[in-house]
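Structural features, examined
Here is how the chains run, residue by residue.
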Amino acid sequence: SQTIHQWPATLVQPVGSPLSLECTVEGTSNPNLYWYRQAAGRGLQLLFYSVGIGQISSEVPQNLSASRPQDRQFILSSKKLLLSDSGFYLCAWEGQTYGYTFGSGTRLTVV
Amino acid sequence: RKEVEQDPGPFNVPEGATVAFNCTYSNSASQSFFWYRQDCRKEPKLLMSVYSSGNEDGRFTAQLNRASQYISLLIRDSKLSDSATYLCVALNYGGSQGNLIFGKGTKLSVKP
């Protein structure tokens, strides 16, 4: 069966520090992968999506970046975090049948 | 105008009540629709897809009206465990990938 793993679960980082969040998928190949962010009191916002290795599309201009070094690995990064980067970051993959499956998320607080 | 709009609630209902959530979407090209459930500080989980003909899964019934661009979710015989935020979602396709557009969610609180 397909599973999606995301870590860490919680992160507190100072302003200006770098960020690296990792997401891996098991049990499927060549999945479409997505990074979403949910800020407090707001809906989920699509940040990046990837249809294959090295293929990244950005939906929202910001100081975040994404990479897909392997088929089932999706990484969200930042060189310098801002206070506004705080939020709940969710990785998702698009299943063969319908709907998206989300990882358990990383709650990031930038202080 | 937001792409997917929902009443944020909260809906506070007693156990056993029937509650209905409504949602509207602005992109007439949206191809698929879903309801997700999100518990506090957890990831969203797919509750059910929404079909034009209407579909039912136990106590849950979803309905889609493409002409009015309107989606609904009905929960019968509410349980305490139904307390959560319910997200209305539209799926738009562009190229080889889809893009889920989420509403902000409707919060449901079921009381004993």
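Residues numbered from 1 in each chain as written. Chains lettered and ligands numbered in written order. Predicted model: local features only at pLDDT ≥ 70, side-chain atom pairs only at ≥ 80, totals over all residues. Heavy atoms only, no water.

1. Examining the overall build of chain A
When you go through chain A residue by residue, the secondary structure sums to zero helices and 11 strands. In chain A, the order of α-helices and β-strands from amino to carboxyl end is β-β-β-β-β-β-β-β-β-β-β. Against the 2.2 N^0.38 benchmark of 13 Å for 111 residues, chain A shows a C-alpha radius of gyration of 13 Å, consistent with a compact globule. Along the first, second and third principal axes, the C-alpha atoms of chain A reach 40 × 25 × 20 Å. Per-residue burial for chain A yields a buried fraction of 50% across its 111 residues. Taking the intrachain contacts of chain A between residues at least 6 apart in sequence as the baseline, contacts between residues at least 24 apart amount to 52%. Accessible surface computed for chain A: about 5200 Å², of which carbon and sulfur atoms make up 51%. (Helix = DSSP H or I, 4+ residues; strand = E, 2+ residues; numbered from the N terminus. Rg over C-alpha atoms; globule rule 2.2 N^0.38 Å. Buried < 20%, exposed > 50% of the residue type's maximum accessible area, 1.4 Å probe, protein only. Contact = heavy atoms within 4.5 Å. Areas by Shrake-Rupley, 256 points an atom, 1.4 Å probe, with all protein chains shown as cover.)

2. Section: the state of the cysteines
A complete count under the given rule lists two disulfides over all chains for this structure. Through a disulfide, Cys23 of chain A is tied to Cys91 of chain A; the S-S separation comes to 2.0 Å. Its torsion about the S-S bond being -70 degrees, the disulfide of Cys23 of chain A and Cys91 of chain A is classed as left-handed. On the criterion of sequence distance, the pair formed by Cys23 of chain A in strand β3 (residues 19-26) and Cys91 of chain A in strand β9 (residues 87-94) is long-range, its members being 68 residues apart. With respect to class, Cys23 of chain A is no different from Cys91 of chain A; both count as buried. Each sulfur of the disulfide joining Cys23 of chain B and Cys88 of chain B lies 2.0 Å from the other. Residues Cys23 of chain B and Cys88 of chain B are joined through a disulfide that is left-handed, its torsion about the S-S bond being -80 degrees. Pair noted here: Cys23 of chain B is in strand β3 (residues 19-25) and Cys88 of chain B is in strand β9 (residues 84-94), with a separation of 65 residues, a long-range link. Here Cys23 of chain B matches Cys88 of chain B in class, with each residue buried. (Disulfide = S-S within 2.5 Å.)

3. Some details on the side chain of Thr106 of chain A
All names here are of chain A. With respect to the element layout, Thr106 can be found in strand β11 (residues 106-110). A polar contact of 2.4 Å, which involves the side chain of Thr106, links it to the backbone oxygen of Pro8. Filtering out sequence-adjacent residues up to four positions away, Thr106 remains in contact with Gln6, Trp7, Pro8, Ala9, Leu11, Leu21, Gly87, Phe88 and Tyr89. (Polar contact = N/O pair within 3.5 Å; in protein donor to acceptor, adjacent residues only side chain to side chain.)

4. Details of the pairing of strand β5 (residues 44-52) of chain A
Residues and elements named next belong to chain A. Buried residues dominate β5, accounting for eight of its nine residues. In this structure, strand β4 (residues 33-38) lies alongside β5, joined through six bridges in antiparallel fashion. Within β5, the position partnered with Tyr36 by the bridge is Leu46. Joining the antiparallel neighbours β4 and β5 is a turn of five residues, in which Gly41 adopts a positive phi near 75 degrees. Here β5 runs beside strand β6 (residues 55-58); their pairing, made up of three bridges, is antiparallel. If you follow Tyr49 over to β6, its bridge partner there is Ser57. Following β5, the chain reverses through two residues before pairing antiparallel with β6; Gly54 in that reversal takes a positive phi of roughly 75 degrees. (Pairing = 2+ DSSP bridges.)

5. Considering the sheet that holds strand β6 (residues 55-57) of chain B
Residue and element names in this part refer to chain B. Strand order in this open sheet of five strands is β1-β3-β8-β7-β6, and the pairing throughout is antiparallel. Looking at the sheet topology across the chains shown, the edges are occupied by β1 (4-6) and β6. With strand direction ignored, the average angle separating the axes of adjacent strands in the sheet is 20 degrees. (Axes fitted to C-alpha atoms, helices over the stretch in contact; angles between N-to-C directions.)

Functional significance is not addressed by these values, which are geometric in nature.
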